[in-house]
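Structural description and commentary
So the chains spell out like this:
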Amino acid sequence: MSIGVCYFPEHWPDERTEADVERMADAGLEYVRMGEFAWSRMEPEPGAYDFEWLDRAVSRIGDHGMQAVLCTPTAAPPKWLVDEYPGILQEEADGTTRHYGGRRHYCYNSEEFRRESRRITEKLADRYADDPTVAGWQTDNEYGCHGTLRCYCDDCASAFRDWLRETYGDIDSLNEAWGTEFWSQTLNSFAQVDPPRHAAAGHHPSRLLDYYRFSSDSVAEYNRLQVDILREANDEWFVTHNFMSHDDLDAYDVAADLDFASWDSYPTGHVQVQHEAVSDEELRAGDPDNVGLDHDLYRSAADAPFWVMEQQPGDINWPPYSPQPAEGAMRLWALYAVARGADVVSYFRWRRCRMGQEQYHSGLLAEDGTPDRGYGDAVAAASDLDELASVAAGDADGSFASPDADVALLHDYDNLWASEIEPMTPDFDYWRHVETYYAALRERSVHVDVVPPTAELAAYDAVVAPTLYLATDELAETLTAYVEGGGELLVTMRSGVKDAHNKLHDDAQPGPLRSLVGARVEQHESVPESLESRLTYGGREFGCRVWNEWLSPTEEGAEVVGRYEGSMADGSPAIVRNAVGDGSVTYVGTWPDSDLTGAVVGDLLDRAGVETTDAFPAQVRASRRGGLTWIANFGGDSLSVDAPDDAEWVLGGPTVGPAAVAVTDANLSSLSPAEE
Amino acid sequence: MSIGVCYFPEHWPDERTEADVERMADAGLEYVRMGEFAWSRMEPEPGAYDFEWLDRAVSRIGDHGMQAVLCTPTAAPPKWLVDEYPGILQEEADGTTRHYGGRRHYCYNSEEFRRESRRITEKLADRYADDPTVAGWQTDNEYGCHGTLRCYCDDCASAFRDWLRETYGDIDSLNEAWGTEFWSQTLNSFAQVDPPRHAAAGHHPSRLLDYYRFSSDSVAEYNRLQVDILREANDEWFVTHNFMSHDDLDAYDVAADLDFASWDSYPTGHVQVQHEAVSDEELRAGDPDNVGLDHDLYRSAADAPFWVMEQQPGDINWPPYSPQPAEGAMRLWALYAVARGADVVSYFRWRRCRMGQEQYHSGLLAEDGTPDRGYGDAVAAASDLDELASVAAGDADGSFASPDADVALLHDYDNLWASEIEPMTPDFDYWRHVETYYAALRERSVHVDVVPPTAELAAYDAVVAPTLYLATDELAETLTAYVEGGGELLVTMRSGVKDAHNKLHDDAQPGPLRSLVGARVEQHESVPESLESRLTYGGREFGCRVWNEWLSPTEEGAEVVGRYEGSMADGSPAIVRNAVGDGSVTYVGTWPDSDLTGAVVGDLLDRAGVETTDAFPAQVRASRRGGLTWIANFGGDSLSVDAPDDAEWVLGGPTVGPAAVAVTDANLSSLSPAEE
Amino acid sequence: MSIGVCYFPEHWPDERTEADVERMADAGLEYVRMGEFAWSRMEPEPGAYDFEWLDRAVSRIGDHGMQAVLCTPTAAPPKWLVDEYPGILQEEADGTTRHYGGRRHYCYNSEEFRRESRRITEKLADRYADDPTVAGWQTDNEYGCHGTLRCYCDDCASAFRDWLRETYGDIDSLNEAWGTEFWSQTLNSFAQVDPPRHAAAGHHPSRLLDYYRFSSDSVAEYNRLQVDILREANDEWFVTHNFMSHDDLDAYDVAADLDFASWDSYPTGHVQVQHEAVSDEELRAGDPDNVGLDHDLYRSAADAPFWVMEQQPGDINWPPYSPQPAEGAMRLWALYAVARGADVVSYFRWRRCRMGQEQYHSGLLAEDGTPDRGYGDAVAAASDLDELASVAAGDADGSFASPDADVALLHDYDNLWASEIEPMTPDFDYWRHVETYYAALRERSVHVDVVPPTAELAAYDAVVAPTLYLATDELAETLTAYVEGGGELLVTMRSGVKDAHNKLHDDAQPGPLRSLVGARVEQHESVPESLESRLTYGGREFGCRVWNEWLSPTEEGAEVVGRYEGSMADGSPAIVRNAVGDGSVTYVGTWPDSDLTGAVVGDLLDRAGVETTDAFPAQVRASRRGGLTWIANFGGDSLSVDAPDDAEWVLGGPTVGPAAVAVTDANLSSLSPAEE
Ligand SMILES: [Mg+2]
Ligand SMILES: [Mg+2]
Ligand SMILES: [Mg+2]
Ligand SMILES: [Zn+2]
Ligand SMILES: [Zn+2]
Ligand SMILES: [Zn+2]
């Protein structure tokens, strides 16, 4: 558990490196990430390299007992490279070139760019293969950022055709899989397939889904090219990549080639662009579940402690608004990341940069070198982690153990992509729907893995599966086996809608999940605000919104446990529970409000025998790690925790201040939010 | 009067055709439309045809005593055709290609595509020329859908130049007609004219209007190409086309080549995209006047009973929201269409399709073949129509007669297009303005023809002419003759603004209509909500909005009958009535609220001696057809009708439930909405 | 002081010219502007000229004792020219051509277009060089209108490279100035630089700022080409250009080549597109400070009385809404312009045009030749000016003297551009921020020059400097010298942020202004509405918004005079006053509400000893010119003025009606708004 920082020695005079590195060490930092946008400094002209500046930085870092994380610089190829190979630029769906001038100006499927990427990666790998200060590598930087995950150029057209050939073998299989009889779309050869470029009418959803899969696979393949070179140079190095929040790139696929996953966490920015309404508290500190879902996703993606490779250090430049974070928020975020399983939290950046596109992005230091608001928080977080390490239950290698998760939250990029292709209402958002259930688990302090449906589920006491949109027989078998073996499964609206190719099933929704769920979706409707229903569950009335499915039980073990009230759906089953083997499945055919989600999830956890706390307020979350209980308060008010008299407080105490963290040796089950 | 269905045998296994057709017959359906997107099935490879599947379907349909309506498949040319002739693709105004991938990916002015269209149409015409089951044809499908009415490619550039040469003869005439001295736009030759492609400043409105006319004419010409081939093959066949709601394509021009017009009616979808605010009732059943205006337009366009070629069968995929229609709505819509003059109502589609772009569009059957919500309604509607046929007064050929309309509502696509080019306020919408007056006529149960100003008007007791934006001397003469002969004419704001080429008249507004209207428009202003006036008419005060014209009477017979109150227009004449010959003209210089529209239209009808009922609520409309009175209730509450004691109720009774229809032999004039 | 009109003889039959000109003379007009869009009439075919129509108009104008202002017709090259040189068309950043069809369809950097511009300008200059009726010239028309200030074509790419070579000498200097180490943007040669075309991520702000500078310089260079030709032909001619409101083109640079500046004033249009919320009064008459800021800017730009080259004559075609202006508004606007320093106010246009893109733009006459609402106002304004001239204190050449301004408002296009590049909140708008301070000065009737920071400041009693975003050592020295010499300086939020190349300073904000301002900006934050603070100043509490800077005094003479209350900024210094030499500097670190702005500015004026009135309501402004005091009321209610008993009222009286002007010989300091 340690604190790191992102550093750009190339932005400052050479002579400043020494002083900077010394200050980092004094601040208690242990890792320094460098180099991800430095290609034009590393290779100012084709074939003429300059690594002296980087050698110097690495060397000083080693001198001060820290470690360096180096990056391949491929996210920003120099202009000379673009001018030599203009074909590496991406194209929009309407044919517009995405020109040089920002970053990520290359196509993953350009053979020329792959050759150049290999060259610079080999050069770097070779240079630092024997340097003990270099702990490992970050490949590239935020694949797909700025909408560059999908490109529509001719290189992509050609690669997409190859991908389809590989996937389907012959064109008849593709016609069958996609269902191309619709609108005269039957194809005679793979050569006829183009990227889904600008068209008057919408594209075929099966073609789109495969283009999304292909695009994600293109990134994974491109990433592997770099990983292989780095591993070959030094197999002690770790290799990671810094993913983005709630992203469209399949993190499971890419992480399969990494030692662990990292991600870049900007709590007050992400909440502004991902939530439809943002409270003042969220503007100041973010939302713990918006952040936590990514922590748990990236921890789960490589089944390993993750890194926050970039941690927001203060005010930032890219959200609509840039208010100052709450006092202490930068420390809160670091400790909360560790509580959720991070091994290293690396602030972005060391010092506010005087030039270029991110001048309005703060650093730990201001542009004049004085400590900015995040600096003190970073120093405190580093010190906190040292303190906590001394009392916590470490494992063999000294890191804190995260507990095994009792609950799996199922997430599949296919479901994300397919529901983006056919959202059917402006109000549906896959990630927000997943967050709804994640929040209900976490407010009860449940430890959650965020895993794909292909994960091994047997060890989980309960599985929550929001919007299993694409569902195959294999999935049905997997889940049925899980439930029959005593598992408790929660499946939500818009599940079992499509087959693997984004076509409807021959059977009505939920298709192959029918006998497991024990109900048929008789009708679905999108629900504008004025048509919203109420819903009764467990004798109480709740709200629900966005989407109503009218269910009818089809299996003997199926019981209606929730019904719509009011609106056209009045009286129709909305939630059905089906007993299957030793377990049960609950299907929720609407988007419940947070109280209803809490009630349904609470009942699920009870049935599954999962240890929980009482529900904490939305801004407060408790986690277990290193044998300790960490309470993080993202809110603007203090929260008091009822704890046993003999509880020891390693950090803070039973009253957790705004934007603060307290850590105690008391068990989760012995804690509860104090009555106000 | 019968019920039909749209069917896609090519979407399902061949062996399912027999069973499907049998079920259709059992359901009481009489017409089956097929083939409009099946080109790649009909001709999987260039010159290699496969019609077996279609032969089989036609044959089975005949076996069961039903009739087939076939379509030319040109709305969706196969990819092999696009690849062979990439020039057939349309272009956006900014030069972006509208690529293959959806539908309607062809330019009406492509010679290559016209040649290919002739080829496939001839092939089909030839194959089915002697088949007695094929009753007739639909050409193509929804011309102009997805914004494809106007294309900006080089083929269109060339065709536009030809069209201009044809229209103007020499370039000086065009310069004169357009007024090209403005902004240095005088042209030296037709070769200098381009489509109105992306430019920094707005285009010349005369050039735009001619481009809109040319684009509509291009469709009409393209359609004629198909019609001629089909007629030549079998002159017993009817030929129709399925128009869209409130569309930009000139239906009068295209319908001139058809036997009757059809249109595709999706009440809960159209109301969402065409009305600025949508009530819960409208979300569930649509608005009867929004739907009715299209019924009456397309009935009038070919002066013949029309078809609803596609009738919404349940929830649909393309509006912002897809709530479930009200219980019974699918039956209501069919009977209401017949009440307004439809001969056949054909539900779209038989069965929800498992693949492609419309999976979220319901059918009469669900994707698993079970009856969906629309199925029962369709069966009931078919049965209702049989029942009604047995009691109604049929004409010679057994169809119900619609009464002759007492009132003509004038509609001209030139006015639509020109007002779209210069709306002058975000709040003006031509179709909504027309609907305002249509609603006032229909709430009094008046039968309306929606005809162009070139129609024969003498037979109408009254003529309502909203926004006669372009006005020529010929129009003035036509209307003057009508009024002098005793006609009652209502003309509304923004009339007489432009000449035939979208230039202002030499005279001030209303230009050539001045002596007829008896007033000059002294000033006009667009009116944001905060500046709205009130208006006094007949001693009462009303609201008005969007646009205020300050009138002054100029003729002796002209009388001010309405004045603005409040705002800057205070005291200015707003409504003028002018006695001309044996009739009179009322000019309304603003957009009246619905009460004022009702008052003005009511007075017009009184003067014209038109038989009316009391005003029904906005959701309820009464119609005459087949010697019967049909009352359709689109609302969510029951409505009671006061009827004579001896009224017989052929369908339902004097209390008309939500989303229901009642039919009685009582006369319109004997009915009225009961006092609540 | 006189009234003119814009006239398009080419839009009307030749025989109408005589009558039109006679009516103009009768109306009291003295100047007639012509020709700015008449290229295709002047040169219908390449090399074939026709100036007869213009000769005739000029000749008639002279006959009637008026003067002609001619324009070069380059804003709208004919289609034959575009077809011969298609490369003259501009390109969007995404590569889309800005096609022919509107106006301004040429690139300032096209050599071909420059050659053609020289040719037509020489032809015109030559033809009218000896004509005594031609008083002077307007070059082109509204450079940059319709977003054409910046073009992204290859000619611009090449010219930009030359501009950079000229500016930086060698590529290393550019790399250093921009800071290209960021994101691998180091360049090897000027040939590598492109225009900032469409890219996935945002462009480098230094590159953008230089592109904005280059684009403005391109216009200035293009304009000079015309000016030189005209001056050479007749050095008695004045040469001007008609600028636009609150524009992005550097008016100081362009005006340096002109005899005086003109601008095109459309009060009810500009207020709709420039203000976030518009009151009913503003919809009818505009906002006096929105208009006045441009008057004072363009007067200052050439340090000479300006012209309103186009004055709104009534309703206009281009804003969202086109309500009728208030009764008398067209007269009000003319007199107010003169009060602010205009010598000529020229209404646009003589007569509403029947054809082309501006048919919904009124003229003094309606399209049928009858007087429209503006006509009477124009006649009255001409008569008013004659009357006022007879009593006012004229200078040698008979024009009214404007007083020397006591206060300078600093405005720099670099600050506008750089803040547009990085606004950092949707709520920041440079021009609105400047207007806030302009309004506070003007409500106290202070005469203001709007000058760049390079202006000679010593003569001003006070200097108000909103958002001195880019700040150099030179600027710091200039301002320090001003304050040390006893000047009173007000500097506002977001000052001293960047160096001359749009990079942050090495020092924290306000960089080189630190010792002058006496404070450091510890933090800045953008503030959404829900997070707004209050602010205490002078014992009272006020509102502030959009942006909060948390200040800390750094100099001995610095005193905290305003502090935030509430929100996170609570207690932090918000306004600091620093005593420097014989003067003082006040720094305001937020966007104050209008009361606070008034209080701060009022205190500044007190300290500076500037003569003021009590604050007038927002719609009423008093000005001095010609030894008289002009009171203009843009509001909808009458305003009473307390004046000395012996005040003489040259126009109107002490009760100034809605949309009216009163003029008195009383001094400003003897007047005040009457208590209500
Ligand atoms: Mg996957
Ligand atoms: Mg027509
Ligand atoms: Mg400058
Ligand atoms: Zn690509
Ligand atoms: Zn075309
Ligand atoms: Zn250019």
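Computed from a predicted model, the values in this text were never measured in an experiment. Residue positions within a chain follow its written sequence, with the count starting from 1. For this description, chains carry letters from A and ligands carry numbers from 1, given in the order in which they are written. Given that this is a predicted model, residues contribute local features only at a pLDDT of at least 70 and side-chain atom pairs are listed and counted only at 80 or more, while totals for whole chains, interfaces and linings are drawn from all residues. As a convention, hydrogens and water are excluded, and side-chain values are obtained from all of the structure's heavy atoms.

Whether two residues are in contact is decided by their heavy atoms: any pair within 4.5 Å suffices. Each side of the interface is counted separately: chain C has 55 residues, and chain B has 55 residues. When two parts are brought into contact, each loses some accessible area as probed by a 1.4 Å sphere; the total of that loss over both is the buried area. The contact between chain C and chain B buries some 4,600 Å² in all, and 52% of this surface belongs to carbon and sulfur atoms. When the buried surface of chain C facing chain B is broken down by residue, Tyr321(C), Arg354(C) and Tyr360(C) rank first, second and third, together holding 18% of it. Each reported salt bridge corresponds to a side-chain nitrogen of Lys or Arg within 4 Å of a carboxyl oxygen of Asp or Glu. Summed over the shared surface of chain C and chain B, the result is six salt bridges. Put simply, Glu525(B) and Arg284(C) hold a salt bridge, and the shortest N to O gap is 2.7 Å. Polar contacts, as counted here, are pairs of nitrogen or oxygen atoms within 3.5 Å of one another; within protein the pair requires one atom able to donate a hydrogen and one able to accept it, and residues that are adjacent in sequence qualify only if both atoms are side-chain atoms. Taken together, chain C and chain B are joined by 29 residue pairs in polar contact (both at pLDDT 80 or more). Secondary structure counts use DSSP, requiring at least four H or I residues in a row for a helix and at least two E residues in a row for a strand, with both numbered from the N terminus. Contributing elements (two or more residues each) for the side of chain C that touches chain B: α2 (39–42), α4 (79–84) and α11 (280–285) of chain C. Gly counts as polar in this scheme, as do all residues outside two lists: the nonpolar Ala, Val, Leu, Ile, Met, Phe, Trp, Tyr, Cys and Pro, and the charged Asp, Glu, Lys and Arg. For the side of chain C that touches chain B, the residue count by class is 18 nonpolar, 16 polar and 21 charged.

For the rest of this paragraph, the subject is the relation of the copies chain A and chain B. The fit set for superposing copies consists of C-alpha atoms from residues with pLDDT of at least 70 in both; the fit itself is least squares. Its rotation angle being 120°, the transformation that places chain A on chain B also includes 0.0 Å of axial translation and leaves an RMSD of 0.0 Å. A rotation of that kind, with that shift, is consistent with a three-fold axis. Taking C-alpha positions as reference, the residue of chain A nearest the rotation axis is Thr96(A), located at 5.1 Å.

Taken from the UniProt record, the annotation "domain: Glycoside hydrolase family 42 N-terminal" (unreviewed entry) applies to residues 6–387 of chain A. In the segment residues 6–387 of chain A, helix accounts for 42% and strand for 9%; the C-alpha atoms at its two ends are 24 Å apart. UniProt positions are given in the numbering used here, feature names are shortened, and annotations may be inferred rather than shown by experiment.

Let us now look at the pairing of strand β1 (residues 2–6) of chain C. Residue and element names in this part refer to chain C. Burial here depends on accessible area, computed with a 1.4 Å probe over protein chains only, as a share of the maximum for the residue type. Under 20% is buried, over 50% is exposed, and the range in between is partly exposed. Burial of β1 is extensive: five of the five residues sit out of reach of the surface. Neither face of β1 is open: one carries Ser2, Gly4 and Cys6, the other Ile3 and Val5, and all of them are buried. The pairing of β1 with strand β2 (residues 31–34) spans three bridges and is parallel. Bridge assignment links Cys6 to a residue of β2, and that residue is Arg33. By convention a crossover is right-handed if, when the strands point away from the viewer, the path from the first strand over the helix to the second runs clockwise. Assessed by its sense of winding, the connection that carries the chain from β1 through helix α1 (residues 16–27) to β2 is right-handed. For two strands to be treated as a pair, DSSP must find no fewer than two bridges joining them.

Residues and elements named next belong to chain A. Together, Glu122, Asp126, Asp130, Asp228 and Glu232 give the surface a local cluster of negative charge. For the negative patch, the elements supplying multiple residues, two or more each, are α5 (111–128) and α8 (205–233). In this structure, Asp126 sits in helix α5. Each patch is built from salt-bridge-free residues with over 30% relative accessible area, joining like charges within 9 Å and nonpolar side chains (Val, Leu, Ile, Met, Phe, Trp, Tyr) within 5 Å. Computed with the Shrake-Rupley method and a 1.4 Å probe, the accessible areas treat only the protein chains shown as cover for residues. None of His or the chain ends enter the tally, which takes Lys and Arg as positive and Asp and Glu as negative. By convention, the point assigned to a charge is CZ for Arg, NZ for Lys, CD for Glu and CG for Asp.

Here we come to the packing of helix α16 (residues 430–442) of chain B against helix α19 (residues 594–608) of chain B. Residue and element names in this part refer to chain B. Angles run from 0 to 180 degrees between N-to-C directions of axes, and those axes are lines fitted to C-alpha atoms, restricted for helices to the stretch in contact. Here α16 crosses α19 at 55°, and the two axes come no closer than 9 Å. One element, α16, and the other, α19, form an angle in the oblique class. Once α16 is placed against α19, the crossing between them reads as right-handed. Of α19, the residues touching α16 (which contributes Thr436, Tyr437, Ala440 and Leu441) are Thr597, Gly598, Val601 and Leu605. Here the residues of the contact of α16 with α19 sort into five nonpolar, three polar and no charged. Comment on the angle field: the value is read as roughly parallel under 35 degrees, roughly antiparallel over 145, roughly perpendicular from 65 to 115, and oblique elsewhere. In a left-handed crossing the near helix is turned counterclockwise from the far helix by less than a right angle, and in a right-handed crossing that turn is clockwise.

The next subject is the layout of surface pockets. In this analysis the probe radius is 1.4 Å and the grid spacing 1 Å, with only protein atoms considered; a cavity is a set of points the probe fits into but cannot get out of, a pocket is an open set with protein on both sides within 12 Å along at least five of seven lines, and lining residues have an atom within 4 Å of a point. Grid points are joined across faces, edges and corners, and a volume is the space filled by probe spheres set on the points. Here the largest pocket is characterised by a volume of approximately 1,200 Å³. If you trace the largest pocket, you find 46 residues lining it, with Arg103(B), Cys145(B), His146(B), Trp318(B) and Pro319(B) closest to the centre. Only α8 of chain A together with α10 (267–274) and α16 of chain B provide two or more residues apiece to the lining of the largest pocket. Ranked by residue count, the leading element in the lining of the largest pocket is α10(B), at three residues.

This next bit is on empty space enclosed by the protein. Applying the stated criterion to the full structure yields 17 cavities of 30 Å³ or more. Put simply, the largest cavity is a space of about 180 Å³. Along its surface, the largest cavity is lined by 15 residues, and Gln509(B), Val521(B), His524(B), Arg352(C) and Glu367(C) are the ones closest to its centre. The residue inventory of the lining of the largest cavity, partitioned by class, reads six nonpolar, four polar and five charged.

What UniProt calls "domain: Beta-galactosidase trimerisation" (unreviewed entry) maps, in this numbering, to residues 405–610 of chain A. From the first C-alpha to the last, residues 405–610 of chain A spans 10 Å; its make-up is 26% helix and 33% strand.

Moving on to the sheet that holds β2(C). All names here are of chain C. Read across the sheet, nine strands follow the order β5-β4-β3-β2-β1-β9-β8-β7-β6 without closing on themselves; strand pairing throughout is parallel. Two strands lie at the open edges of the sheet, namely β5 (238–240) and β6 (242–243), each paired on one side alone. Relative to strand β4 (residues 134–138), strand β3 (residues 67–71) runs parallel, the two sharing four bridges. Counted as the bridge partner of Ala68 is Val134 from β4.

This part is about the nonpolar core. Counting 164 residues, the largest nonpolar core has Met34(B), Tyr128(B) and Leu409(B) as its most contacted members. Not counting residues up to four positions away in its chain, the partners in contact with Leu409(B) are Leu293(B), Val434(B), Tyr437(B), Tyr438(B), Leu441(B), Val448(B), Asp449(B), Val450(B), Val451(B), Val464(B) and Pro466(B). Remark: nonpolar core denotes a set of buried residues (Ala, Val, Leu, Ile, Met, Phe, Trp, Tyr, Cys) joined through side-chain atoms within 4.5 Å.

With that settled, consider the interface of chain A and chain B. At the interface, 55 residues of chain A touch 55 residues of chain B. Buried area between chain A and chain B, both sides added, is near 4,600 Å², and the carbon and sulfur share of it is 52%. The three residues of chain A that bury the most area against chain B are Phe182(A), Trp183(A) and Leu504(A), which together make up 17% of that side's buried surface. Counting across the interface, chain A meets chain B through six salt bridges. A salt bridge links Arg41(B) to Glu181(A), with the nearest nitrogen and oxygen atoms 3.2 Å apart. Along the contact surface separating chain A from chain B lie 29 residue pairs in polar contact (both at pLDDT 80 or more). Secondary structure elements with two or more residues in the side of chain A that touches chain B: α8, β14 (519–527) and β16 (540–553) of chain A. Of all the elements, β14(A) adds the most residues to the side of chain A that touches chain B, at six residues. Here the residues of the side of chain A that touches chain B are counted per class, giving 20 nonpolar, 19 polar and 16 charged.

Right, let's get into the coordination of the zinc ion (ligand 5). Residue and element names in this part refer to chain B. The rule for donors is simple: an N, O or S atom within 2.8 Å of the metal counts, and for Na, K and Ca the reach is 3.2 Å. Water is not among the atoms, so a site may look short of donors. Around the zinc ion (ligand 5), the protein contributes the donor atoms Cys107 (SG), Cys151 (SG), Cys153 (SG) and Cys156 (SG), at 2.2 to 2.3 Å from the metal centre. Square planar and octahedral assignments, for four and six donors respectively, both demand that opposite donors be over 155 degrees apart and that all other angles lie between 65 and 115; tetrahedral needs four donors with all angles between 85 and 135 degrees, and anything else is irregular. One can describe the site at the zinc ion (ligand 5) as tetrahedral: its four donor atoms subtend angles covering 92 to 121° at the metal. All donors of the zinc ion (ligand 5) come from a single chain, and their spacing in sequence reads C-x43-C-x1-C-x2-C. For the pair Cys153 and Cys156, a shared accessibility class is recorded, and that class is buried.

Below, the discussion takes up the sheet that holds strand β26 (residues 660–664) of chain A. All names here are of chain A. If you walk across this open sheet you meet the four strands as β21-β22-β26-β24, and the pairing is antiparallel. Lying at the two open borders of the sheet, with one neighbouring strand each, are β21 (620–625) and β24 (649–651). Sheet twist, expressed as the average angle between the axes of neighbouring strands with direction ignored, equals 25°. Note that strand β22 (residues 628–633) and β26 share five bridges and pair antiparallel.

With that out of the way, let us pick up the packing of aromatic side chains. Any pair of aromatic rings gets described here by the distance separating the centres and the angle formed by the planes. Two rings from Phe, Tyr or Trp (for Trp, the six-membered ring) form a pair when their centres are within 6.5 Å of each other. A pair whose planes differ by under 30 degrees is stacked, one over 60 is edge-to-face, and the rest are tilted. What the rule picks out here adds up to 99 aromatic pairs over all chains. Taken together, a centroid distance of 6.0 Å and an interplanar angle of 80° make the contact between Tyr266(A) and Trp318(A) edge-to-face. Here Tyr266(A), found in the loop between β7 (262–265) and α10 (267–274), pairs with Trp318(A), found in the loop between β8 (306–311) and α13 (329–339); they are 52 residues apart in sequence, far enough to count as distant. With relative accessibility at 5%, the residue Tyr266(A) sits in the buried group. Pairwise contacts between aromatic rings join Trp39(A), Tyr106(A), Tyr108(A), Phe113(A), Tyr143(A) and Tyr222(A) into one cluster. Sitting over the face of the ring of Trp591(A), Arg545(A) holds its NZ or CZ atom 5.2 Å from the ring centroid. A positively charged side chain is recorded as over a ring if its NZ (Lys) or CZ (Arg) lies within 6 Å of the ring centre. The angle to the ring normal must also be within 35 degrees. Cation over ring: Arg351(C) sits above Trp12(C), and NZ or CZ is 4.4 Å from the ring centre.

This part is about the pairing of β16(A). All names here are of chain A. Counting buried positions over the 14 residues of β16 gives 10, a clear majority of the element. Both β14 and β16 contribute to a ladder of eight bridges, which runs antiparallel. Its bridge partner lying in β16, Val521 is registered against Leu551. Bridging between strand β15 (residues 534–537) and β16 involves four bridges; their strand directions are antiparallel. Counted as the bridge partner of Thr536 is Glu541 from β16. Between β15 and β16, which pair antiparallel and follow one another directly, the connecting turn spans two residues, one of which, Gly538, has a positive phi of 55°.

All names here are of chain B. Tracing the chain through its elements places Val239 in strand β5 (residues 238–240). Once the C-alpha coordinates of Val239 and Leu457 are considered, the two residues, 218 residues apart in sequence, prove to be 27 Å apart. The contacts of Val239, once residues within four sequence positions are left out, are Trp137, Thr139, Val227, Leu230, Arg231, Leu258, Asp259 and Phe260.

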